[in-house]
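# Report on the structure
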Amino acid sequence: MENSIKYLSTTSILPNEVLDKDIVFISKAAVSESTRQRLKDINYKVIPDIWNNHTKLKEDSTYLKKLYGNLTKKIGFALNKLHNVDYPYSFWELPMASWLLYSLHTIFDRYCRLKLAIELYGKENLVLLAHKHKVGTYPGHPDFVINVCVTEQYVSAFYAEIAIQMDIKVREFISDESLRGRVFLGAKKYNLLSGSFCVRAYQKLKKMIWDLILLSLSGKNNVLMEQYEFNGWEKLVFVIKLDASFFPRKKKKVARSKRIDRDMLSSISAGDQFERIVIGLLPKIMPEYLLEDFEAYVQEAEKYSRFKSYFFVHSYIQNIIFAYAASLGKTKGAKIIGCQHGCGYGQSEFSYCEFIERSFSDYYITWGWHDCFYPKSQILALPQPNLSRLMNRHKPKLDLAIWASNTIQRHVYRIASYPIMPDMIPLYFSYKRRFAASLNSDVRHFIVYRPSPYDYGWFEEEKNLLKGYNIRIEYSGTLPVLLQKVKLYICDHLSTSCMEALVANTPAVFFWDYELCREREDAKPAFDLLRKAGILFHNPIDAANKVNSIWDDVQGWWMETERQEARLKFMEKFCRADTQWQERWIEAFKVITK
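Everything numeric in this text was worked out from a predicted model, so none of it was measured.

## Quick look at the pairing of strand S14 (residues 447–450)
Residues of S14 alternate between two faces, with Ile447 and Tyr449 on one and Val448 and Arg450 on the opposite face, all of them buried. Judged from the 4 bridges that link them, strand S13 (residues 398–404) and S14 form a sheet pairing that is parallel. Along S14, the bridge assignment pairs Ala404 with Arg450. Strand direction decides the pairing type here: S14 and strand S16 (residues 472–473), joined by 2 bridges, are parallel.

Structure below.
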């Protein structure tokens, strides 16, 4: 352990004045390329990464799941006392989820990194550099993620709040640097006279007309459904055949109803040091909709609390009134029907969103799989609407291969599998580099690299990585549309687009690190089929060699019996599609709501 005083920096933003002590950065991701260049003549160190270790990921994921359940109960009882109500703790699960889901993991990540810094240098030798900024009470995703995990000035201030709880000295500063956040690579400007603008305006008008039609036909109290991605005709069928109503698309603002003594939250008992830190932060970070605005939200939600069941996909995150309405309905005997909304569910060794959604749902709609990995909800394996629309739509028109990439915030917002954590980016880029280097030069000419639409500061490195291999980088079109046209689809991470490619019957090659992206036991046989069929690889060189070997006849290779059988068996398990998907859904909902 070193004994000299160190400045601990959590972002690449530093004070304007010359620092008189050595700098230690909290992680590799905290040091941007421009900062490395600026500090090339200065002595600085970087705390080792912590989330590139499978054992730690698994152990801490288990710890956080248990803590989440305990905190939900404790906070629920505390909120009952604050509001002088007597709801079961389960009432608070839905409205609390969108906030606690992200804040708990974010705080835990910062705590673990600061704890490691203390172990390496000693608490008495550390001074945390923190940008002066007031931490807000962000309601959940996306506000919480943007303000605590993306914008660097805010990231720095949030670290300081946790450091204070850990008795680490903090030195605040003000920087003249502009706010640093994310860049939307897929941004397009819409001219008022352009076709794109007209299409967007037409689509908006069409949605408004459909909303008015559905509102005039609704009125039954059978099931209240989230809008999801159903089109107008599909929603009409649900209204007619299921007596369904759809929650209004527009969010309604509520007025603050009363003052709350937030400090009362600090009296919640803690079981360990980390839980004590979380509870110590509650007065500052708990969102208003659970405290000051609670009565107003509940009053508005009462209008929607009469239904027999509630169907949601994203609403517990995106619409607090809907979440309260479902919770009120549940206290009256209503059923909560959750729904899978992405890849990894039923597949990944740990899927935190899946764990939370299944914990507060009575029924849970999956894309085909059953398991008992997470308890509580009853599984409904049904065909997925968007996948069903893509089924066997591949008709190659472009002599190109699309290579799809992913990205992640530079600061952790959720404990997740590869590559969805910044500590995994070096390995992720290493896989990209080895894959690109192993492609034949004549094949590279036909590869189009499609970055994630958002850049959190990694894109410059991606461009430099691919520059030497003459691979074109382009962001255009949506993947479901491109998948129907391209010759080959390449994906370097487990994603929804992998499922879409298999359903569309688009020739595909997937590759990713196995150690940090393991499947759960129930999912392993299905992934083994893809591995055996030469579709999925865990060595980027093997994946590139496969692309090289099939390039002259990709379609012939893909349509061979071995690959088609593997594709269909995998689809049945994890990406079920059916042209009659809506009839299957209605049959299942009628059983629940009878």
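That shown, we press on.
## Some remarks on the sheet that holds S16
Pairing is parallel across the open sheet formed by 6 strands, whose spatial order is S16-S14-S13-S17-S18-S19. Each having just a single partner strand, S16 and strand S19 (536–537) make up the two edges of the open sheet. Relative to the sheet, helix H14 (residues 425–438) contacts S13, S14, strand S17 (486–491) and strand S18 (508–511), its axis offset from that of S13 by approximately 155°.

## Some remarks on the sheet that holds strand S10 (residues 335–339)
The parallel open sheet is built from 6 strands, whose spatial order is S8-S7-S9-S10-S11-S12. The two strands at the open ends of the sheet, each matched to only one other strand, are strand S8 (244–246) and strand S12 (378–381). Neighbour-to-neighbour, the strand axes of this sheet turn through a mean angle of 25°, independent of strand direction. Its contacts with the sheet place helix H23 (residues 581–593) against strand S7 (223–225), strand S9 (309–311), S10, strand S11 (363–366) and S12, and it is angled at close to 155° to S10.

## A closer look at the side chain of Ser175
Note on placement: Ser175 falls in the loop between strand S5 (169–173) and strand S6 (183–184). With residues near it in sequence (within four places) discarded, Ser175 still touches Ile13, Leu14, Asn16 and His131.

## Observations concerning the packing of aromatic side chains
Summed over all chains, the structure comprises 56 aromatic pairs. For the ring pair Phe238 and Trp581, a centre distance of 6.3 Å and an interplane angle of 55° mean the geometry is tilted. Taken together, the residues span a long stretch of sequence, with Phe238 in helix H7 (residues 232–242) and Trp581 in helix H23 at a distance of 343 residues. The same class applies to Phe238 and to Trp581, which are both buried. With 5.4 Å between their ring centres and 50° between their planes, Phe570 and Phe574 make a pair best called tilted. Pair noted here: Phe570 and Phe574 are both in helix H22 (residues 561–574), with a separation of 4 residues, about one helical turn. Across the pair, Phe574 and Phe570 agree in class, each one buried. An aromatic cluster of at least three residues, connected via ring pairs, comprises Tyr228, Phe230, Phe238, Phe246, Phe311, Trp581, Trp585 and Phe589. Here Arg520 stacks its cationic end above the ring of Phe373, 4.1 Å away from the centre of that ring.

## Considerations on a positive patch on the surface
On the surface, Arg393, Lys395, Lys397 and Lys485 cluster together into a patch of positive charge. Classification of Arg393 as partly exposed rests on a relative accessible area of 41%.

## So, the packing of helix H5 (residues 152–165) against helix H8 (residues 273–285)
At a minimum axis separation of 10 Å, H5 and H8 run at an interaxial angle of 130°. Looking at the two axes, H5 sits oblique to H8. Taken as a pair, H5 and H8 cross one another with a handedness that is right-handed. Of the residues in H8, those in contact with Phe158, Glu161, Ile162 and Gln165 of H5 are Arg276, Ile277, Gly280, Leu281, Lys284 and Ile285. Partitioned by chemical class, the residues of the contact of H5 with H8 number 5 nonpolar, 2 polar and 3 charged.

## Remarks on the pattern of salt bridges
Here the structure, examined in full by the defined rule, presents 34 salt bridges. Note that Glu583 is salt-bridged to Lys241, the shortest N-O span being 3.0 Å. Pair noted here: Glu583 is in helix H23 and Lys241 is in helix H7, with a separation of 342 residues, a long-range link. On the basis of relative accessibility, which here comes to 26%, the residue Glu583 falls in the partly exposed class.

## Remarks on helix H2 (residues 54–83)
Here H2 spans 42 Å end to end across 30 residues, near enough to the 44 Å set by a 1.5 Å rise per residue. One side-chain oxygen of the residue at the start of H2 lies 3.0 Å from the amide nitrogen of Thr55, identifying that residue as Asn53. Directly beyond the C-terminal end of H2, a positive phi value near 55° is found at Asn84.

Criteria and thresholds
Residues numbered from 1 in each chain as written. Predicted model: local features only at pLDDT ≥ 70, side-chain atom pairs only at ≥ 80, totals over all residues. Heavy atoms only, no water. Buried < 20%, exposed > 50% of the residue type's maximum accessible area, 1.4 Å probe, protein only. Helix = DSSP H or I, 4+ residues; strand = E, 2+ residues; numbered from the N terminus. Pairing = 2+ DSSP bridges. Contact = heavy atoms within 4.5 Å. Axes fitted to C-alpha atoms, helices over the stretch in contact; angles between N-to-C directions. Phe/Tyr/Trp six-rings, centres within 6.5 Å; stacked < 30°, edge-to-face > 60°. Lys NZ or Arg CZ within 6 Å of the ring centre and 35° of its normal. Patch = residues over 30% accessible without salt bridge, like charges linked within 9 Å, V, L, I, M, F, W, Y side chains within 5 Å. Areas by Shrake-Rupley, 256 points an atom, 1.4 Å probe, with all protein chains shown as cover. Salt bridge = Lys/Arg side-chain N within 4 Å of Asp/Glu carboxyl O. Lys, Arg positive; Asp, Glu negative; His and termini not counted. Charge placed at Lys NZ, Arg CZ, Asp CG, Glu CD. Parallel < 35°, antiparallel > 145°, perpendicular 65-115°, else oblique. Left-handed = near helix turned anticlockwise from the far one by under 90°. Nonpolar A, V, L, I, M, F, W, Y, C, P; charged D, E, K, R; others polar. Expected span 1.5 Å × (residues − 1). Polar contact = N/O pair within 3.5 Å; in protein donor to acceptor, adjacent residues only side chain to side chain.

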